[in-house]
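This is what each chain is made of:
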Amino acid sequence: MRPVASELSGRTGVGGSCCRPAALLLLCLGFLPWVAGCPSECLCASDIVSCSGRNLSALPFDLPSYATRLDLSHNTLTALQTDWLSQPFDRLATLVLGKNRISRVEANAFASAPRLLHLDLASNRLTVLNSSVFAGLKELKELLLFGNQIVEINPESFRDLHSLQRLYLSSNKLTAFPLELYEAPGGPRNLSFLDLSYNRLSELPVQSLLALTRRGGIYLQGNPLVCDCAALALLEYWVWKQYRPLVDFRGEYPCKEGVGPGFHCQRQGVPDVPLELQMYQVEPGNWLRVPCPGLTLPVPEGQIVFWLTPTTALNSSAPQPSAHLTVLPNGTLEIQAALIEDSGTYACVASRGRHYGPGESPEVAVVVGNLSSTSGGGLAHRSSAEHFNTAFTTLASCVVSIILVLLYLYLTPCRCRGGGGSRGCGGRAIILCSDPREAESGQRRSNGKRVAFMEPQAEDSCIGDPKTPAVNLDHITTEGILKNGSRTVEQTFTDASQKV
């Protein structure tokens, strides 16, 4: 490849003195990114570079650093060392490394691409995710790791992934749920999608999963789950909530009725009367006990009752994280010294032996304080600002109505005509008509839709000469006008004038 300056100078003739400085200036300013060239093993289109399916075992040295998308999939890469990227890729947003043979990723392997948003490491040979593997990727939003052989995840692996929203870990060999994704300090803060399907999970952290239900979708289908009472209760609650990850793959969960060691949890009687959302009220500082809706007492030995509160999840067998919220052995929720912030919707999660019916509800509403100061739906306290807004809206509506009435009375849509020295119509004669041309021509069509308000005119009125004589309307009744719907008011005035 010939230098750009020489290429341009050859086109200008003698020396190319005019074009060489311009080309060098554009090159220095970065307006000629294509001068870096494209490796022979790759295809380059603008800022997209694809080296897919070229049987590469090492990264080409002369990759353009201005790329925003780099596809290295379907090659034979085996390891990603710290310096596997020979130069910084400050603009790289998408890196595709799927369908390789990568079995080892060293710490800080992606430090040269700090702006990554999407990273694809799917269908490789990874077995362990060590700490600091993804160090520096604070803007990463999507990470694909499905189709590997991952059996262990270091709690520090996701420390820097503050912006991670979607994580795919399907089709690996995980035996424990990676709670560190949600609990480790410095980890993802907005993880809304986690795919753990088709792993080797047998036990689930039910209490933690209940608390995570509100945060997004967790997909668990295709795992050999042990259907104990707790897992069965979780799945029944998800069915009632129409939890999308369960509803979409309902046939791929092994916890079914009559299956697994927890089948004895299904022998409880369930009330035939549909359960409606119940409300409990307590004054601040008092104690309140809320029974679990639909739970038949006594609770079978070994069954755990969970309560999902507005802020956390509790159960009847473990120490309670909250000092004034306790789940008793019989499944009753006890609120000690109730606080205003305890108001909200609570759900009792326990295996009842069947899926919830359409009218059954495991949830209850708790109101701490006066009912008149809380709203029924979200149990949020009303403020005086709401009343002020209502009063202000009403006052504004009244003012607008008055203005519209005044405009209706004093603004004449029909043009005022007058002869010679007309001095205006004033507010004493108001004529409403649908077509201004009819008002000017004096024509009125008898369709029963036009109304004229007439008052005695002053001598200087511009309505017209000669002056309209006074008409006696004593013999005309309102009832007669209403009965004759095909005649207009003006026709009535005309008939009266002829009689006079």
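See the structure above.
In short, a report on the structure. (Residues numbered from 1 in each chain as written. Predicted model: local features only at pLDDT ≥ 70, side-chain atom pairs only at ≥ 80, totals over all residues. Heavy atoms only, no water.)

Time to look at the sheet that holds strand β17 (residues 313-315). Two orientations exist for strands paired in a sheet by backbone hydrogen bonds: parallel and antiparallel. Read across the sheet, five strands follow the order β14-β21-β20-β16-β17 without closing on themselves; strand pairing throughout is mixed. Unpaired on one side and paired on the other, β14 (278-282) and β17 mark the two borders of the sheet. Neighbour-to-neighbour, the strand axes of this sheet turn through a mean angle of 25°, independent of strand direction. Pairing of strand β20 (residues 344-349) with strand β21 (residues 363-368) involves four bridges; the strand directions are antiparallel. Bridging from a neighbouring strand, Ala 347 pairs with Glu 363 of β21. Packed on one face of the sheet, helix α5 (residues 229-241) meets β16 (306-308), β20 and β21 and runs near 135° to β20. (Pairing = 2+ DSSP bridges. Helix = DSSP H or I, 4+ residues; strand = E, 2+ residues; numbered from the N terminus. Axes fitted to C-alpha atoms, helices over the stretch in contact; angles between N-to-C directions. Contact = heavy atoms within 4.5 Å.)

Turning next to the pattern of salt bridges. According to the stated counting rule, one finds seven salt bridges in the structure shown. For Arg 159, the salt bridge is made with Glu 156, and the minimal N-O distance between the two is 2.5 Å. For Arg 159, a relative accessible area of 36% translates into the label partly exposed. (Salt bridge = Lys/Arg side-chain N within 4 Å of Asp/Glu carboxyl O. Buried < 20%, exposed > 50% of the residue type's maximum accessible area, 1.4 Å probe, protein only.)

This part is about the packing of aromatic side chains. Summed over all chains, the structure comprises eight aromatic pairs. Plain terms: the ring middles of Phe 134 and Phe 158 are 6.0 Å apart, the flat faces sit at 20° to each other, and that makes the pair stacked. In this pair, Phe 134 sits in the loop between β8 (128-129) and β9 (142-144) while Phe 158 sits in the loop between β10 (152-153) and β11 (166-168), placing the two residues 24 residues apart along the sequence. Each member of the pair, Phe 134 as well as Phe 158, carries the same accessibility label: buried. These aromatic residues form a ring-pair network of at least three members: Trp 84, Phe 110, Phe 134 and Phe 158. Here the basic side chain of Arg 166 rests over the ring of Phe 193, its NZ or CZ set 4.1 Å away from the ring centre. (Phe/Tyr/Trp six-rings, centres within 6.5 Å; stacked < 30°, edge-to-face > 60°. Lys NZ or Arg CZ within 6 Å of the ring centre and 35° of its normal.)

Relative to the 18 Å expected for 13 residues at 1.5 Å per residue, α5 spans 18 Å between its end C-alpha atoms, a close match to the ideal helical length. Among the 13 residues of α5, eleven are classified as buried, and the element is accordingly described as predominantly covered. Of all the positions in α5, only Cys 229, Ala 230, Ala 231, Leu 232, Ala 233, Leu 234, Leu 235, Glu 236, Tyr 237, Trp 238 and Val 239 are classed as buried. In this structure, the buried side of α5 is in contact with α4 (206-212), α6 (244-248), β16, β20 and β21. Of the residues trailing α5, Gln 242 is marked for its positive phi of about 55°. (Expected span 1.5 Å × (residues − 1).)

The subject of this paragraph is the sheet that holds strand β7 (residues 118-120). Reading across the sheet, the nine strands line up as β1-β2-β3-β5-β7-β9-β11-β12-β13 and stay open at both edges, with mixed pairing between neighbours. Edge positions in the sheet fall to β1 (43-45) and β13 (217-219), since each of these pairs with one other strand and no more. Taken pair by pair, the neighbouring strands of this sheet meet at an average axis angle of 5°, ignoring direction. One ladder, built from three bridges, connects β1 with strand β2 (residues 48-50); its direction is antiparallel. If you follow Cys 44 over to β2, its bridge partner there is Val 49.

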